[in-house]
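Examination of the molecular architecture
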Amino acid sequence: MLSFLDSIIDCLNSNGLKYIVIALESTSFYSTYIADFLSSNEELLPFKSFVYCLNLKTVANYRKSFVYMDKMDPLDAYVIADFARCGRITSRPWRGAQFLALQRLTWHRLHLIECITRETAYKVLYEPLNVVIASSFNVIKATQDEVKSIDKAIEKNIRGLNTTEYQSLASIPGIDPVLASGILAEIGTITSFRSNDALAKYAGLTWRVNQSGNYSSDDTKMTKTGNRYLRYYLIEAANSVKKHVPEYKEYYYKKYGEVTCHQHKRALALTARKLVRLIFSLLTRNQIYSSDKVGEIK
């Protein structure tokens, strides 16, 4: 890592450059520690370094424009550099690792939830059926116990941080410490987002238009190109909030009745998008939730 840093500094000094844009593909653990190291390194601070972790799907789509290029690591790096050079980066710079420990817990919790879902949906077509079912129940029970343990660790961690952002989220009826932690672990500071639209796009809560002539389809697919962890916790939060806040319950059922396919998923995702506006408003203004004055920024 140090030799890599020396190469960057030598390049900056020898070319008389005043700032640097560093673009990395977002690859979980690997990109996290590299981005944190480069964004906080004292030797790079005088050069106004900007570090970005890019969405893998976005970079892959951009690479398709290089039709005749071979697939090699140096060429992959060239594509990423060209992506940054052309001004195609729309995400915010790396925010640092303030919520890194909390993020690891919330990510692992989602992993456990997905394990429970897969095990619950597991079907077998062979004997002895009873033994297999019993084994699946044991796995589900053990994983559920692990989730409870992770939940306790998440609550302990977020209360230690005790941020004003946490207080704002926790004030919304239906958002418990785990859901608030899952959202904050991905958002970090709300100042990284210029609007609620930018926050929704970061989470992948946007939809592609399916229209031709005078026809407009009800079946519009969510982009899902954003942060899947943030999207999961926002949707889970929306599902909980609609059970506690009449306005969100009414909105959910209004959207539920607008179409005839994918009713629940669509209505819940749209409710989550509505919740994003509230969250952005509260965090931007450092306010707590009030049923008298919801305060969504449109």
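See above for the structure.
The present account deals with the structure reproduced in this document. (Residues numbered from 1 in each chain as written. Predicted model: local features only at pLDDT ≥ 70, side-chain atom pairs only at ≥ 80, totals over all residues. Heavy atoms only, no water.)

**Observations regarding the packing of helix 11 (residues 246-256) against helix 12 (residues 263-285)**
Angle between the axes and distance between the axes: these two values describe a pair of packed helices. The condition is simple: An axis is simply a line fitted to the C-alpha atoms; with a helix, the fit covers only the stretch in contact. Between two such axes, the angle follows the N-to-C directions and lies from 0 to 180 degrees. Segments assigned H or I by DSSP are reported as helices when at least four residues long, segments assigned E as strands when at least two residues long, and all are numbered from the N terminus. Note on angle classes: values under 35 degrees are labelled roughly parallel, values over 145 roughly antiparallel, values of 65 to 115 roughly perpendicular, and the remainder oblique. When the near helix sits turned anticlockwise from the far one by under a right angle, the crossing is termed left-handed; a clockwise turn instead gives a right-handed crossing. The contact criterion used is simple: two residues touch if any of their non-hydrogen atoms lie within 4.5 Å.
It is at 8 Å that the axes of helix 11 and helix 12 come closest, and there the two elements cross at 140°. Judged by the inter-axis angle, helix 11 sits oblique to helix 12. Remark: the crossing between helix 11 and helix 12 carries right-handed chirality. Taken together, the residues of helix 12 that come into contact with helix 11 (itself represented by E247, Y248, Y251, Y252, K255 and Y256) are Q263, H264, R266, A267, L268, L270, T271, K274, L275 and L278.

**Quick look at the side chain of Q103**
Within the secondary structure, Q103 is located in helix 5 (residues 100-120). If near-sequence neighbours (up to four positions away) are discounted, Q103 is found in contact with A185 and E186.

**With respect to a nonpolar patch on the surface**
Rule in force here: Think of a patch as exposed residues, more than 30% relative accessible area, with no salt bridge, where like charges cluster within 9 Å and nonpolar side chains (Val, Leu, Ile, Met, Phe, Trp, Tyr) cluster within 5 Å. Accessible surface is estimated by sampling points in the Shrake-Rupley manner with a 1.4 Å probe; for residues, cover comes only from the protein chains shown. By salt bridge we mean one thing: a side-chain nitrogen of Lys or Arg within 4 Å of a carboxyl oxygen of Asp or Glu.
A surface patch of nonpolar side chains, about 290 Å² in accessible area, is lined by Y19, V21 and F50. If you trace the backbone, V21 turns up in strand 1 (residues 20-25).

**Thoughts on the pattern of salt bridges**
Note the cut-off: Remark: exposure states derive from per-residue accessible area (1.4 Å probe, protein chains only) relative to the maximum for the residue type, with buried under 20%, exposed over 50%, and partly exposed in between.
Applying the stated criterion across every chain yields a total of 10 salt bridges. Of the charged contacts, one joins R109 and D151 as a salt bridge, the two residues approaching to 2.6 Å between their closest N and O atoms. Taken together, the positions of R109 in helix 5 and D151 in helix 6 (residues 129-161) put the pair 42 residues apart, joining distant regions of the chain. You can call D151 buried: its relative accessible area is 16%. Residue R266 is joined to E258 by a salt bridge in which the shortest nitrogen-to-oxygen separation is 3.3 Å. Each of the salt bridges in this network shares a partner with another, and the network as a whole consists of R63, K71 and D76.

**Some thoughts on the packing of helix 5 against helix 8 (residues 177-187)**
Which entries qualify depends on this criterion: For this scheme, ten residues count as nonpolar: Ala, Val, Leu, Ile, Met, Phe, Trp, Tyr, Cys and Pro. Four count as charged, namely Asp, Glu, Lys and Arg, and the remainder, Gly too, count as polar.
At a minimum axis separation of 9 Å, helix 5 and helix 8 run at an interaxial angle of 120°. With respect to helix 8, the element helix 5 is oriented oblique. Considering how the two elements wind past one another, helix 5 and helix 8 form a crossing that is left-handed. Where helix 5 abuts helix 8, its residues L102, Q103, T106, W107 and R109 lie against V178, S181, G182, A185 and E186. Classifying every residue of the contact of helix 5 with helix 8 gives 4 nonpolar, 4 polar and 2 charged.

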